[in-house]
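Coordinates in review
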Amino acid sequence: MSQLDTEKTPTEAASKTDTGLEVDRGGRASLLLYPVILLAILGALFAWLYTRDLSDTEMVTLTPGELWSMTLEHLYLTAIATVVVLVIAIPLGILLTRPPMRRFTTPVTALVNFGQAAPAVGLIVVFAFWMGFGPTAAIVALVVYAVLPVLRNTMAGLDAVDQSLVEAGRGMGMSAAAVLWRVELPLAVPLILAGVRTALVLVVGTATLGTFINAGGLGLLITSGVNLSLPRVLITGSVLVAVLALAVDWLGRVVEHIARPRGL
Amino acid sequence: MSESTTAPTEPGRITGVPILLDGVTKRYGSKSAPAVDHLTLEIPAGSTVMFVGPSGCGKTTTMKMINRLIEPTEGSIVIDGEDVTTMNGDDLRRRMGYVIQAGGLFPHMTVAANIGLVPKMLGWDKQRIAERVDELLELVSLDPDSYRDRYPKQLSGGQQQRVGVARALAADPPVLLMDEPFGAVDPITRQRLQDEMISIQNELRKTIVIVTHDIDEAVKLGDWVVVFDEGARIQQYDSPERILAEPANDFVSDFVGSGAGLKALGLTRVNEMPILDAVVVTPEDSPTTAVQKAEAAGHGHVVVLDRARRPIAWPSVAQLRRATALPTRYEPDLPIVGMGATLEDALDTMLVSRAGAALVVGPRGRFEGVVDIDTVMQSLRDNRGAADTGRSPVGTNDAEARIEVAPDTGEITLITPDQVGTGRGRYDDGAAEPSRSDADEGSDSTALPQTSGERP
C-alpha cells in the first residue's frame with residue numbers, strides 16, 4: 001500500500017461492514033422466525049377445530065381435501081393476477097420513466113389510481129357482468145386493482161437512481177439499454193420488489209371476493225360461514241386467508257433479501 | 001528553467017491524440033442564445049487543457065460535445081484527424097475516458113467490476129481484464145488485494161475518485177474528459193489527487209480536458225487554460241503563466257482574482273527544480289550502518305525506503321544513534337511532495353516539517369530525492385520574469401474563421417477574413433485573440449505546444 005494513500009479509512013470501512021452484517025443477521029433471523037409463527041397459528045387453528053364437535057355441514061366444508069383445493073384455487077387466482085400485474089406494470093413503469101415518454105406519466109398514473117380507488121367488490125362485479133362469471137373476470141379485476149403499487153414503485157425506484165450514474169454509464173459508452181439493464185434496474189430492484197410484495201398481499205386479500213362471481217377460493221368459507229351462521233367455518237376461512245397473506249408477504253421478503261444487489 | 005535541472009522521471013511517450021472542435025455551436029431551442037457559439041478550438045495531443053469560466057458559460061456543454069453526450073447543433077468534431085460527428089456515439093465514448101464529480105461509481109458493482117466495465121464491453125477476456133484492473137489500481141495508488149473486491153460505499157471520497165479515474169483509463173483511451181473531477185473532495189485530498197493526476201499524466205501523456213470553475217486548479221493542472229464567458233466565448237486561451245501574468249482583458253483578470261503573484265508559485269513544479277540527493281537505507285540495515293553512511297556523505301538525516309523504494313521514515317542522525325533498529329512502519333506525517341507538486345505545495349509542506357525540507361516522490365510513490373527551502377527560493381529568483389514564447393493552440397469564436405491543417409505536421413492554422421496576409425490580427429469585438437498564427441511568431445512558429453517546462 002502506498003503511503004500516498006493516507007486518507008484511507010480501514011477501520012471506518014471495517015466497522016461499516018460489521019454493522020452492515022449485523023443488520024443483515026437481524027433481518028435473516030426475523031425472516032426465519034416468521035414462518036414458524038405462521039405454522040404455529042395454523043397448528044392452533046386445526047387443534048381447536050378438531051377438538052370441537054363439528055356439525056355434519058361443518059364436517060363436509062372443513063375436510064382437509066376441501067380446504068386444500070380451495071387454497072389452491074385461491075393461490076391460482078393470486079398467482080395469475082400477480083404475473084399479469086408484473087408483465088403490465090414493470091414494463092409500463094420503465095417506459096414512463098424514459099425521457100420521451102415522460103409526458104404520459106400523469107394521464108397513465110391517473111388512470112391507474114382510478115383502478116385502485118374504485119371499490120374492489122364493485123370492480124369484480126362490473127367485470128363479471130362484462131366478461132361472464134368465473135375466474136377470468138376475477139383475475140382481470142384483481143389486476144386492475146393491483147397495478148398501481150407495482151407501477152408506482154417501479155417508477156419511484158427508477159427515478160431514485162442518481163442521474164449522475166446514468167450519465168457516467170452513457171459517458172463510458174454504454175447504450176441507453178445497457179444503462180437501463182445494468183445500472184438503473186439493478187439499483188431499482190429493492191423498491192420494485194417492495195411494490196410487488198404490496199401488490200401480492202393486496203391480491204391475496206382481495207381474491208376472497210372472487211367467491212361472489214363463482215371464481216372459487218377461500219372466500220367461499222367466509223361467505224358460507226356468514227350465510228349459514230357457521231362461525232367455525234367463518235373463522236377458519238378468515239384465519240386461512242390471513243395466514244396465506246402473511247405467508248406471501250414472507251415469501252416476498254425472502255425474495256427481496258436475496259435479490260437486493262450487494263453493495264447497497 | 002535551465003536544462004541542467006534534474007529530471008529523474010522522463011516524461012512518457014505521448015499517447016494522446018489531437019482534438020479539434022471546428023465551428024461548433026449548440027443551441028437549445030431556436031430562439032434562445034446559443035450555449036456554445038461557433039467555437040473553434042484546438043486541443044493538442046498529449047496536453048492537459050483546462051476549461052474554466054463562471055457557471056453556465058458553456059464549458060461543460062463544450063466538453064460533453066467532445067464525446068457527444070450532447071450533440072452539437074452545428075460544426076464538427078475531429079479527433080486524431082477523423083471526423084467523429086456522425087459516428088456511433090456509444091462506440092466513440094468507449095474510446096474516451098470520462099470522469100465525473102465524485103467518481104460516478106456504480107454502487108452495486110465492486111471496484112474491479114466498475115473498472116472492468118469498458119474492457120468488458122470491448123470484449124476483453126477475463127484474465128486480461130483482471131490484470132488490467134490490478135495494474136490500474138496500482139497506478140492510482142490503491143492496493144489491488146485490499147481494494148478490488150470492495151464496494152464503492154466502503155471507500156472514502158478520495159478513493160472513489162481514484163477508482164473513477166482508473167475506470168476511465170481502463171481501456172487505455174487516448175483522450176480523457178473530466179467534469180469537475182476533484183470538486184467533491186476535501187481540500188487536502190483534492191491537492192493530493194491533483195498531484196497524483198499530474199504524475200499519472202507525466203507517465204501517460206494522454207490528451208486530457210478538465211472542466212473546472214477553480215482558477216487555481218486550472219493553472220496548477222493545465223498545460224493550457226481556456227477562460228470562457230457565456231456562450232463558450234473564449235476570453236483567453238493561453239499558458240497558465242500568461243493567463244496569470246498577462247490577462248487578456250478585464251473579464252480574465254477579474255476571474256483570476258487577486259494574488260496572481262502568489263498563484264504563480266503554483267506554476268513551477270518540483271520536477272523543474274534541482275533535487276538534492278539523500279542517504280537512503282532499507283529497514284534491514286542496522287542503525288550503525290545508517291549513521292556511518294550519513295556521516296560519510298555529510299548529511300544529517302537518512303531516508304528509510306521499503307522494497308518498492310517508497311519512503312518509510314526520515315530519522316535524523318541523532319535519532320539513529322539512540323535507535324536499536326530502523327523503523328519498519330510507515331511514519332504517518334512524513335513531509336512528502338510529488339514530482340508534480342507545485343512550489344506552493346512544496347513550500348507549505350516544508351514549513352510544517354521540522355527539517356525545513358521535503359521528500360520528493362515520483363510515480364507510484366518511489367523516492368526521488370529531497371528539496372529544501374533554499375532551492376525553492378533560488379529557483380524562484382531564477383524564474384522571475386521568465387516568459388513562455390511557445391505557440392498557443394488555436395481557439396476562436398469567429399464564425400467566419402476557417403482553419404487549415406498542414407498535411408505533413410498536422411499543425412493547425414487559423415485563417416480569418418480580416419487577418420489573411422496581415423501580421424498581427426486582433427479581433428474587432430474586443431475578445432482576446434489567444435491564438436498566434438505562424439505569421440505572428442515568425443521563426444518560432446514550428447515549436448509545438450509544450451508544457452511550461454521549457455524556457456529560454
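Everything numeric here is computed off the predicted structure, so don't read it as measured data.

Calculation rules
- The written sequence of each chain sets the order in which its residues are numbered from 1.
- The naming scheme follows written order: chains are lettered A onward, ligands numbered 1 onward.
- Only residues with pLDDT of 70 or above have their local features reported here, since the model is predicted, and side-chain atom pairs are shown and tallied only from 80 upward, although totals for entire chains, interfaces and linings are computed over all residues.
- Computation of side-chain values: all heavy atoms of the structure, hydrogens and water removed.
- By definition, any uninterrupted DSSP run of H or I lasting at least four residues is a helix, any uninterrupted run of E lasting at least two residues is a strand, and each is numbered from the N terminus.
- Only protein chains enter the accessibility calculation, which uses a 1.4 Å probe; a residue whose area is less than 20% of its type maximum is buried, one above 50% is exposed, and one in between is partly exposed.
- We call two residues in contact when some of their heavy atoms are within 4.5 Å.
- In this description, accessible areas are obtained by the Shrake-Rupley approach with a 1.4 Å probe, and a residue is regarded as covered only by the protein chains that are shown.
- Here's the idea: put two parts together, see how much 1.4 Å probe accessible area each one loses, and the total over both is what we call buried area.
- Here, a salt bridge means any side-chain nitrogen of Lys or Arg that lies within 4 Å of a carboxyl oxygen of Asp or Glu.
- We call two N or O atoms a polar contact when they sit within 3.5 Å, provided that within protein one can donate a hydrogen and the other can accept it, with sequence-adjacent residues counted only if both atoms are side-chain atoms.
- Gly falls in the polar group here, along with every residue not listed as nonpolar (Ala, Val, Leu, Ile, Met, Phe, Trp, Tyr, Cys, Pro) or charged (Asp, Glu, Lys, Arg).
- Expected span of a helix, by definition, is 1.5 Å for each gap between consecutive residues, and there is one gap fewer than residues.
- For our purposes a nonpolar core is just a set of buried Ala, Val, Leu, Ile, Met, Phe, Trp, Tyr and Cys residues, chained together by side-chain atoms within 4.5 Å.
- Two strands qualify as a pair provided that DSSP identifies no fewer than 2 bridges between them.
- To obtain each axis, a line is fitted to C-alpha atoms, and for helices this fit is confined to the stretch in contact; angles are then taken between N-to-C directions over 0 to 180 degrees.
- Each angle receives one of four descriptions, namely roughly parallel if under 35 degrees, roughly antiparallel if over 145, roughly perpendicular if within 65 to 115, and oblique otherwise.
- Throughout, a crossing is termed right-handed when the near helix is turned clockwise from the far one, and left-handed when it is turned anticlockwise from it by less than a right angle.
- Aromatic rings from Phe, Tyr and Trp, with only the six-membered ring used for Trp, were paired whenever their centres fell within 6.5 Å, and each pair was classed as stacked if the ring planes differed by under 30 degrees, edge-to-face if by over 60, and tilted otherwise.
- Criterion for a charge above a ring: Arg CZ or Lys NZ at most 6 Å from the ring centre, at most 35 degrees from the ring normal.
- A score between 0 and 100, pLDDT records how confident the predictor is in each residue.

1. So, the overall build of chain B
Scanning chain B from N- to C-terminus turns up 17 helices and 19 strands. Relative to its 456 residues, chain B shows a buried fraction of 56%. Within chain B, residue pairs in contact and separated by at least 24 positions form 64% of the contacts whose partners lie at least 6 positions apart. For chain B, the accessible area works out to roughly 19,400 Å², and carbon and sulfur atoms hold 49% of it.

2. Side note on the overall build of chain A
Helix and strand counts for chain A stand at 10 helices and 0 strands. In chain A, 76% of the contacts between residues at least 6 apart in sequence involve partners at least 24 apart. Carbon and sulfur atoms make up 72% of the accessible area of chain A, which amounts to about 13,300 Å² in all.

3. Focus on the interface of chain B and chain A
Contacts between chain B and chain A engage 44 residues on the former and 31 residues on the latter. When chain B packs against chain A, the two sides together hide about 3,300 Å² of surface, and 56% of this comes from carbon and sulfur. The tally of links between chain B and chain A comes to 2 salt bridges. For the salt bridge of Arg170(A) with Asp90(B), the shortest nitrogen-to-oxygen distance reads 3.3 Å. Counting the contacts that link chain B with chain A gives 6 residue pairs in polar contact (both at pLDDT 80 or more). Listing elements by their share of the side of chain B that touches chain A, those giving two or more residues are helix H2 (89-94), strand S6 (96-99), helix H4 (117-121), helix H6 (144-147), helix H7 (157-168) and helix H8 (187-204) of chain B. Residues belonging to the side of chain B that touches chain A are distributed by class as follows: 19 nonpolar, 12 polar and 13 charged.

4. Some thoughts on helix H10 (residues 231-259) of chain A
The end-to-end C-alpha separation of H10(A) is 42 Å, in line with the 42 Å expected for 29 residues at 1.5 Å each. Among the residues making up H10(A), those that are buried are Val233(A), Thr236(A), Gly237(A), Leu240(A), Val241(A), Val243(A), Leu244(A), Ala245(A), Val248(A), Asp249(A), Gly252(A) and Glu256(A).

5. Here's the deal with the nonpolar core
Among the nonpolar cores identified, the biggest contains 54 residues, and Leu77(A), Val85(A), Val147(A), Leu151(A), Ile213(A), Leu218(A) and Leu221(A) are the most heavily contacted of them. Mapped by element, the contributors of at least two residues to this core are helix H1 (10-50), helix H3 (64-97), helix H5 (120-131), helix H6 (135-159), helix H8 (176-206) and H10 of chain A. It is H6(A) that contributes the most residues to this core, 14 residues altogether. For Leu151(A), the residues in contact, after removing those within four places along its chain, are Ala89(A), Leu92(A), Gly93(A), Leu96(A), Val108(A), Thr109(A) and Val112(A). If you look at the next biggest cluster of nonpolar residues, it comprises 45 residues, including Met50(B), Leu136(B), Leu137(B) and Val219(B).

6. Some words on the pairing of strand S3 (residues 48-52) of chain B
Residues and elements named next belong to chain B. With respect to burial, S3 is a largely interior element, 5 of its 5 residues being buried. Pairing geometry for S3 and strand S8 (residues 207-212), over 5 bridges, is parallel. Residue pairing across strands places Thr48 opposite Ile208, the latter belonging to S8.

7. Quick look at the packing of helix H4 (residues 105-117) of chain A against H6(A)
Residues and elements named next belong to chain A. It is the contact of H4 with H6, at a shortest axis distance of 7 Å, that shows an interaxial angle of 140 degrees. The pairing of H4 with H6 is recorded here as oblique in orientation. Crossing angle aside, the handedness with which H4 passes H6 is left-handed. Within the contact between the two elements, H4 uses Thr105, Val108, Thr109, Val112, Asn113, Gly115 and Gln116 and H6 uses Val144, Tyr145, Val147, Leu148, Pro149, Leu151 and Met155.

8. Digging into the sheet that holds strand S1 (residues 19-26) of chain B
The strands that make up a sheet are held in pairs by hydrogen bonds between backbone atoms, and each pair lies either parallel or antiparallel. All names here are of chain B. Spatial strand order, S5-S4-S1-S2-S17: 5 strands in an open sheet with antiparallel pairing. The sheet terminates laterally at strand S5 (82-83) and strand S17 (395-396), the two strands that pair on one side only. Looking at chain direction, S1 and strand S4 (residues 74-79) are connected through 5 bridges and run antiparallel. Across the sheet, Leu20 pairs through a bridge with Val78, a residue of S4. This element, helix H1 (residues 59-66), spans S1, strand S2 (36-43) and S4 of the sheet and lies at about 120 degrees to S1.

9. Section: the packing of aromatic side chains
Evaluation of the coordinates by the stated rule reveals 4 aromatic pairs over all chains. Ring centres of Phe127(A) and Trp130(A) lie 5.9 Å apart, and the angle between their planes is 40 degrees; this geometry places the pair in the tilted category. Placement of both Phe127(A) and Trp130(A) in helix H5 is noted, with a separation of 3 residues, approximately one turn of the helix. Of the residues examined, Phe127(A) reaches a relative accessible area of 12% and is grouped as buried. Take Trp130(A): its relative accessible area is 66%, and that puts it in the exposed class. Considering the side-chain rings of Phe129(A) and Phe133(A), the 5.8 Å spacing of their centres and the 85 degrees angle between planes classify their relative orientation as edge-to-face. In this structure, Arg128(B) is placed above the aromatic ring of Trp124(B), and the distance from its NZ or CZ to the ring centre is 3.7 Å. Above the face of the Phe106(B) ring, Arg167(B) is positioned so that its terminal group lies 5.0 Å from the ring centre.

10. Things to note about unusual backbone geometry
Phi is positive for Ser229(A), close to 50 degrees, though the residue is something other than glycine. For Ser229(A), the location among the structural elements is in the loop between helix H9 (219-227) and H10. Positive phi, normally seen in glycine, also occurs at Ser141(B), with a value near 60 degrees. Looking at Ser141(B), the relative accessible area reads 6%, which means it is buried.

11. Looking at the confidence of the model for chain A
Residues and elements named next belong to chain A. The predicted model of chain A has a mean per-residue pLDDT of 82, with 90% of residues at 70 or higher. When pLDDT is averaged over each element of chain A, helix H7 (residues 163-171) comes out on top at 92 and H1 at the bottom at 65. In this model residues 1-26 is a low-confidence stretch, pLDDT under 50, and it forms 44 contacts with partners more than four residues away in sequence or in other chains.

12. So, the packing of H5(A) against H6(A)
Residues and elements named next belong to chain A. Look at H5 against H6: their axes get within 8 Å of each other, and the N-to-C directions meet at 135 degrees. In terms of their interaxial angle, H5 and H6 are classed as oblique. The chirality of how H5 crosses H6 is right-handed. Residue-level inspection shows Ala120, Leu123, Ile124, Phe127, Ala128 and Met131 of H5 in contact with H6, the latter providing Thr136, Ala137, Val140, Ala141, Val144 and Tyr145. In terms of residue class, the contact of H5 with H6 is built from 11 nonpolar, 1 polar and no charged.

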